[in-house]
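These are the residues of each chain, in order.
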Amino acid sequence: MGISISHGVPNTRSATTIATLGQHLAHTLTSSEWREVRHLFDGRLYTPLVTPPAEAGRVAALLMKAASSRAMNPEWAQLATLLGGAANRAAQARQNWVWD
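Since the structure is predicted, the reported quantities are computational estimates derived from the model, not experimental observations.

On inspection of all chains with the given rule, the structure shows three salt bridges. Its salt-bridge partner being Asp42, residue Arg44 comes within 3.2 Å of it at the nearest N-O pair. Residue class for Asp42 comes out partly exposed when judged on its relative accessible area of 28%.

And the structure:
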C-alpha cells in the first residue's frame, strides 16, 4: 500500500521509500534539523498525517537544503526536491500538507 502525498506529488510512495529517504536526510541534516522532520521520515508513518502550513514551509526548506547537499545521493535528492516542492506549495497556499 502506498502513501499519497498532497500538493503535486505524482504516484504513491511506499513507507520503505520514505524511511530510506529519512536515512539519507539523517546523514545530511544537522541533528537539530533532523529532529524537526524525523516524525515524517523515521518509518513509523501513521496516516493520515497532517502538517500545518507553517510547519510545511520549514519542512520544505530542510528538504531543499538536504537535496542540495553534496552528501545527498542524487537519486534521493530528486525525491527530497519533489517532496520539498509539494511542502512549499502547501505552505504558500496556506493549506495543510497531507499524507494519506
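Time to look at the packing of helix H1 (residues 15-28) against helix H2 (residues 31-41). Packed helices, taken two at a time, are described by the angle their axes make and the gap between the axes. At a minimum axis separation of 9 Å, H1 and H2 run at an interaxial angle of 165 degrees. By the angle class used here, H1 and H2 are roughly antiparallel. By crossing handedness, the relation of H1 to H2 is classed as left-handed. Each of Ile18, Ala19, Leu21, Gly22, Leu25 and Ala26 in H1 lies in contact with H2, whose residues at this interface are Trp34, Leu40 and Phe41. Partitioning the contact of H1 with H2 into residue classes produces eight nonpolar, one polar and no charged.

Calculation criteria
- Residues numbered from 1 in each chain as written.
- Predicted model: local features only at pLDDT ≥ 70, side-chain atom pairs only at ≥ 80, totals over all residues.
- Heavy atoms only, no water.
- Salt bridge = Lys/Arg side-chain N within 4 Å of Asp/Glu carboxyl O.
- Buried < 20%, exposed > 50% of the residue type's maximum accessible area, 1.4 Å probe, protein only.
- Axes fitted to C-alpha atoms, helices over the stretch in contact; angles between N-to-C directions.
- Helix = DSSP H or I, 4+ residues; strand = E, 2+ residues; numbered from the N terminus.
- Parallel < 35°, antiparallel > 145°, perpendicular 65-115°, else oblique.
- Left-handed = near helix turned anticlockwise from the far one by under 90°.
- Contact = heavy atoms within 4.5 Å.
- Nonpolar A, V, L, I, M, F, W, Y, C, P; charged D, E, K, R; others polar.

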